[in-house]
Amino acid sequence: MKNERNSLLAQKRELSILANYLVNKNTPNSLILIGEKGIGLKDTAKKMALALVNKDIKDNFDEIIKSLINENEQNSPFILLIEKIWLDDKKRFKNKIYRDDLNYINDFFSTKDEPSQKRVCIINSIDDLSNDGINSLLKIIEEPNPNSHFIIINHNEKSLIPTIRSRSQIIKFKSTNKDDYINSIKKDFMNLSNSEIENLYNLSKGSIDFSRKYIDYNFREMEDHLETILLNPKNIKPNTAYHYINFVKNNIDTNEEMEVFLKFIALKINKLSINACAKNNKNLLDRLLKNYYSILKIKNRYLTFNLSFDHTIIAYFYLLKNV
């Protein structure tokens, strides 16, 4: 799996709220950071946690802001990070964070070696929790003590259940603006031209997370060919599905990440639909819209039922060519 980048995009209002919590020593026991993937919420949560557990931190607003945006990677025994577990035997992450994966939390918070020491559990992300995992988390959050804190990352606010929302303070990080997007992509991929970045911004709808994966996984190599078959399904050959399956498996080294290719198809259809609408090509637009909803349904089934990627791609291309 490609290494994640720490890519905190400094958002002054949001960072000021975090810094003021630390200065005033009134950080809530449960704090939810809401925002899109790729803008650095995990990195922000780790920096906030480090500041919380640091007994020597000074009550200086500017110094705290600097600590929240510095790029130094540090660990602490007083911080517990909960996220989907990697399964070596299956070469993928677990589909969800389950109740059993949260068993460490109670022990982590109940340690008595340093009673006055703050401890922070980071959940990355609550979107990945199973139903039993959410119920387990809720029980722990309901019984906080002054030195126990949760920092919960959420990428889809609609999935946030009211019972956890009501017991937490929420900070919404704004979506990436175009200038932030361009600066971040240029920093990571210096060889990209301005026109390539512009095209990628339009394709990804400004998603830094997807854009990085698009480049890391070499989706550029397949984009022109994908466009030809989306515009004219008659270009699909008997071996087309297998060609795409091999391409994805050669470029993506975990089953978990293969769903990104399905998202790539959906975004490509969306971009072509916008062009068809601009050209008033109603027939093409109608077909692309049907195709768009089909790939979203297939992607959802692939994730929900843990289906075979090979069978999913074969079924999609069969549907694309014959419907």
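What you see is a predicted model; the values in this text were computed from it and never measured.

## A look at the nonpolar core
Phe219, Phe261, Tyr316 and Phe317 are the most contacted members of the largest nonpolar core, which totals 48 residues. Elements supplying a minimum of two residues to this core: helix H7 (178–188), helix H8 (194–204), helix H9 (208–216), helix H10 (220–231), helix H11 (240–251), helix H12 (259–278), helix H13 (282–304) and helix H14 (309–322). Residue contributions to this core peak at ten residues, all from H12. Every residue in contact with Tyr316, bar those within four places of it in the chain, is listed here: Leu230, Ile265, Ile269, Asn291, Ile295 and Ile298.

## Section: the pattern of salt bridges
Across all of its chains, the model carries 19 salt bridges by this definition. A salt bridge links Lys42 to Glu83; its shortest N-O distance comes to 3.3 Å. Placement of the pair is Lys42 in helix H2 (residues 41–53) and Glu83 in strand S2 (residues 79–83), with a sequence separation of 41 residues. The salt bridge partner of Lys282 is Asp286, with a shortest N-O separation of 2.9 Å. Of this pair, Lys282 and Asp286 both sit in helix H13, four residues apart, roughly one helical turn. It is possible to trace a salt-bridge network through shared partners that takes in Glu157, Arg165 and Lys172.

Criteria and thresholds
Residues numbered from 1 in each chain as written. Predicted model: local features only at pLDDT ≥ 70, side-chain atom pairs only at ≥ 80, totals over all residues. Heavy atoms only, no water. Core = buried A, V, L, I, M, F, W, Y, C linked by side-chain atoms within 4.5 Å. Buried < 20%, exposed > 50% of the residue type's maximum accessible area, 1.4 Å probe, protein only. Helix = DSSP H or I, 4+ residues; strand = E, 2+ residues; numbered from the N terminus. Contact = heavy atoms within 4.5 Å. Salt bridge = Lys/Arg side-chain N within 4 Å of Asp/Glu carboxyl O.

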